[in-house]
Amino acid sequence: MASVLLTDDVAVVRMTVRRFLERGRHRVEECGSAAEAEALLGSRPFDILVTDLWMPGRDGLTLIGWVKAHKPGLPIIAITGGAPRAPQLFSMEEAARVGADRVLMKPVGMQELLAAISALAPSDAKE
């Protein structure tokens with residue numbers, strides 16, 4: 001069971017993804033912005049970050065860069081429905097460029113998400 005920080009500005013998306021993760025027996029903390037995520041990441045340990053890319057204010061790309069600088073080694077799964085006025089491929093490429101370990105397209109399926117968590121979570125978090 002992994003400790004997951006879930007970041008998305010859309011409450012219904014957070015609720016859905018949280019349910020998926022909890023069905024996979026993971027512990028989930030959620031927040032609605034990159035600033036909140038940075039504060040939580042600075043206050044306690046997590047095994048993995050799941051973040052939306054396109055959020056108001058500092059976006060998920062900025063958050064991923066912050067994590068790479070301040071929490072190196074923390075696995076990151078980016079979830080996205082695509083960039084405003086840009087093809088979905090752009091979002092996937094940008095997330096990978098800044099350091100996301102996996103990029104999943106919305107709507108994210110439960111099995112797809114749980115498989116990504118299983119592949120990226122530290123081995124001691126999988127027990």
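Note that the coordinates shown come from a computational prediction; the quantities given were computed from them, not determined experimentally.

Colleague: Can you help me understand the pattern of salt bridges in this one?
Modeller: Pairing is possible between side chains that carry opposite charge, provided their charged atoms lie close to one another. Within the structure shown, the criterion is met by eight salt bridges. The closest approach of N and O atoms between Glu30 and Arg14, which form a salt bridge, is 3.2 Å. With Glu30 in strand E2 (residues 27-31) and Arg14 in helix H1 (residues 11-23), this pair connects stretches of sequence that are 16 residues apart. Here the salt bridges do not stand alone but share partners, grouping Arg14, Arg18, Glu22 and Glu30 into one network.

Colleague: How should I be thinking about the pairing of E2 in this particular structure?
Modeller: Across a regular strand the side chains alternate sides, sitting on one face of the sheet and then on the other. With five bridges joining them, strand E1 (residues 3-7) and E2 adopt parallel strand pairing. The residue of E2 that forms the bridge with Ser3 is Arg27.

Colleague: Help me understand helix H3 (residues 60-70), please; the structure alone is not making it clear to me.
Modeller: The periodicity of an α-helix, 3.6 residues per turn, causes residues three or four places apart in sequence to face the same way. The complete set of buried residues in H3 reads Gly60, Leu61, Leu63, Ile64 and Val67. Down the axis of H3, the buried side of the element spans an arc of 160 degrees, and every buried residue falls inside it. The backbone nitrogen of Leu61 has a side-chain oxygen 3.1 Å away, supplied by the residue at the start of H3, namely Asp59.

Colleague: Help me understand the UniProt feature "modified residue: 4-aspartylphosphate" (unreviewed entry) in the protein chain, please; the structure alone is not making it clear to me.
Modeller: With numbering aligned to this structure, UniProt lists the feature "modified residue: 4-aspartylphosphate" (unreviewed entry) at Asp52. Summarising the element assignment, Asp52 is placed in strand E3 (residues 48-52). Among residues more than four places away in sequence, those in contact with Asp52 are Thr7, Asp8, Asp9, Gly60, Ile79, Thr80 and Lys106.

What counts as what
Residues numbered from 1 in each chain as written. Predicted model: local features only at pLDDT ≥ 70, side-chain atom pairs only at ≥ 80, totals over all residues. Heavy atoms only, no water. Salt bridge = Lys/Arg side-chain N within 4 Å of Asp/Glu carboxyl O. Helix = DSSP H or I, 4+ residues; strand = E, 2+ residues; numbered from the N terminus. Pairing = 2+ DSSP bridges. Buried < 20%, exposed > 50% of the residue type's maximum accessible area, 1.4 Å probe, protein only. Arc of directions from axis to C-beta. Polar contact = N/O pair within 3.5 Å; in protein donor to acceptor, adjacent residues only side chain to side chain. UniProt positions renumbered as here; feature names shortened; annotations may be inferred. Contact = heavy atoms within 4.5 Å.

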